[in-house]
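Results of the structural survey
What follows is each chain in one-letter form.
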Amino acid sequence: MAKVDRYATSRAYLERASKTLAGGVSSNVRRGDKPLPLYFDHAKGAHLWDVDGNRYIDYVLGRGPLILGHGAEEVIEATCRQLERGQIYAAQHPLEFELSERICKIVPCAERVRFGISGSEAVHGALRLARAATGRKIVLKFEGQYHGWLDNILYSLAPHEDAMGDALHPNGVQESRGQFTAAESHVVVLPWNNIAVLEEHLAQHAGEIAAIITEPIMANTAVIPPLPGYLERVRELCTQYGIVLIFDEVIAGFRASLAGAQGRFGIKPDLTIFGKAIANGLPISCIAGRADLMDLIGNGSVGHGGTYNSIPPAVAAAVATLDILAQDDGAVYKKIEKTGQALMDGIRKIGERLGIPLIVQGYGALFYIGFPLGPVDEGQAITNYRTALKVDQEKYNSFVSALADRGVRVIPRGNWFLSSAHSPADVAETLEAVEASLIEVCQPAAAVALGASK
Ligand SMILES: Cc1ncc(COP(=O)(O)O)c(C=O)c1O
């Protein structure tokens, strides 16, 4: 009997959409979704349903924003209340300072804030600010990190092995055809978590460098934590050389802790970018940081604008989200950490029991899973982009598809996002799906013998 296609409607929609929508999707990263770019119908809490009626436990969470899960009631109510009062004023409204006051209270480096819509444009603004403040041109970024899709910084997120060059002195590799080539001379790429290489570079070139931009947790490649002392030394070097230190907390912000990664690690950057979790899924980003820097935007000498900046429903959503996140001494974070750790531990145990080597690293709120290609060192398995390449991506893609077949949705790059809506029952159901999927993908003979059910 022919196998039923559980994604038949999504498949048909994708084919239809592809005739008028470039690639059938609205963001290129979605093209790579496994088993295919699915179409969704509705979502609530930790779950979402596709157009074929399949229900998933969602660990994608909009690629990070949904820290409270889908459809968090207080956030929806605040958004709808504001929508009834007006969608956009192209002017000031009191919720703006309600939000900026909260951020300045919560986030160590935030003395002033400016709102935008996407993380990419907030990064763009922060880099412009750093150049204006220092009178220098170069931005230093790290291999494997992502700071948005704009020309001036879209370098070496996932460079091909043939192009990436020497491990200690990597090439800056453009990620897109058509990228503005002149930007190339304004971006330097170094390996992350290697302080000696950074010190050596700065000893020779610090006078040209306007900003060092870094994800404080390397969320976009393998959820790599900073090695002990690394960020502290980066901070010292930036202070020593008058370089603007920018933390890109688009993923870590309001996720690694209420005060972001900077609060979790106790390190104050000069500027920070937030997006994603700040409004639990409504579009808003911000640049936050030192008053003397932000006042260059404030006094109009550094350009910053946008029709949709601080659009009232999104600001209302952000105020409601931050109020929930701040309640009960961070109870939401304790819950997410506990749920995420239980899931990580459970996955590790299944791997050990089945004799399948796995890398599981990161934090309860955001972690990474990969299939190592060789023996894994004791301690932290992946510390930078080059070590992150030593995993079997094809096998992981099959694992992602096998999980989807069992009602668990994850990102092919290996990141798992958790929300306060995920329950112990979701964890138990997920672990069952993980075990069956690992057997199917890594031990197909055993899967046949067991008649592995989907
Ligand atoms: C660390 C980081 N910075 C910047 C961005 C860009 O944000 P946006 O997609 O909102 O433009 C992302 C997006 O995933 C990100 O992960």
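Everything quoted here is computed from the prediction, not taken from an experiment.

1. Structural notes on the site of the ligand
Around the ligand, the structure places S118, G119, S120, Y146, H147, G148, E215, N220, D248, V250, I251 and K276. S120 has a polar side-chain atom sitting 2.6 Å from an oxygen atom of the ligand. Between the ligand and the protein, one listed contact pairs a nitrogen atom with a backbone N or O atom of Y146 at 3.4 Å. Isolated, the ligand exposes 390 Å² of accessible area, and the fraction of that covered by the protein chains is 82%. Residues of the shell around the ligand, tallied by class, amount to 3 nonpolar, 6 polar and 3 charged.

2. Some points on the domain arrangement of the protein
Quoted interface sizes are often the accessible area lost when the parts come together. Here the domain parsing of the protein yields domain 1 (8-70 + 330-450) and domain 2 (73-328). Taking only C-alpha atoms, the centre of domain 1 and the centre of domain 2 are 26 Å apart. On the domain 2 side, the residues contacting the 33 residues of domain 1 number 43 residues. Overall, the association of domain 1 and domain 2 removes approximately 3100 Å² of surface from exposure, summing both partners, and the carbon and sulfur fraction of that is 57%. A per-residue breakdown of the area domain 1 buries against domain 2 is headed by Y363, Y385 and R386, which together make up 25% of the total.

3. Overview of the layout of surface pockets
Computed from the structure, the second largest pocket encloses a volume of approximately 350 Å³. Residue lining of the second largest pocket: 20 residues in total, with Q92, E96, R114, F115 and S310 positioned closest to the centre. Listing elements by their share of the lining of the second largest pocket, those giving two or more residues are α3 (94-106) and β4 (112-116). Taken together, the residues of the lining of the second largest pocket break down into 9 nonpolar, 9 polar and 2 charged.

4. Some words on the sheet that holds strand β12 (residues 366-370)
Note on sheets: strands pair through backbone hydrogen bonds, and any given pair is parallel or antiparallel. As summarised here, the arrangement of the 3 strands in space is β11-β12-β14, forming an open sheet in which the pairing is antiparallel. This sheet does not close on itself; its edge strands, each paired only once, are β11 (359-363) and β14 (415-417). Pairs of neighbouring strands in the sheet enclose a mean axial angle of 20°, with direction left out of account.

5. Things to note about unusual backbone geometry
Of note, the bond from K34 into P35 is cis; its omega dihedral lies within 30 degrees of zero at 0°. With respect to the element layout, P35 can be found in the loop between α1 (8-17) and β1 (40-44). One non-glycine residue, F254, lies in positive phi territory at about 60°. Residue placement: F254 occurs in the loop between β8 (244-248) and α7 (260-265). Residue F254 is classed as buried on the basis of its relative accessible area, which comes to 1%.

6. A word on empty space enclosed by the protein
Inspection of every chain in the model, using the stated rule, returns 2 cavities of 30 Å³ or more. Lining the largest cavity are 17 residues; nearest its centre among them are D33, K34, V60, R409 and V410. Counting only elements with at least two residues in the lining of the largest cavity, the list comes to α12 (393-405) and β13 (408-409). In the lining of the largest cavity, the residues fall into 13 nonpolar, no polar and 4 charged. Estimates place the volume of the second largest cavity at around 70 Å³. Its residues placed into classes, the lining of the second largest cavity shows 8 nonpolar, no polar and 2 charged.

How each quantity is defined
- Residues numbered from 1 in each chain as written.
- Predicted model: local features only at pLDDT ≥ 70, side-chain atom pairs only at ≥ 80, totals over all residues.
- Heavy atoms only, no water.
- Near = heavy atom within 4 Å.
- Polar contact = N/O pair within 3.5 Å; in protein donor to acceptor, adjacent residues only side chain to side chain.
- Areas by Shrake-Rupley, 256 points an atom, 1.4 Å probe, with all protein chains shown as cover.
- Nonpolar A, V, L, I, M, F, W, Y, C, P; charged D, E, K, R; others polar.
- Domains from an automatic or database assignment.
- Contact = heavy atoms within 4.5 Å.
- Buried area = accessible area lost by both parts, 1.4 Å probe.
- 1 Å grid on protein atoms, 1.4 Å probe; cavity = no way out; pocket = protein on both sides within 12 Å on 5 of 7 lines; lining within 4 Å.
- Points joined across faces, edges and corners; volume = space filled by probe spheres on them.
- Helix = DSSP H or I, 4+ residues; strand = E, 2+ residues; numbered from the N terminus.
- Pairing = 2+ DSSP bridges.
- Axes fitted to C-alpha atoms, helices over the stretch in contact; angles between N-to-C directions.
- Buried < 20%, exposed > 50% of the residue type's maximum accessible area, 1.4 Å probe, protein only.

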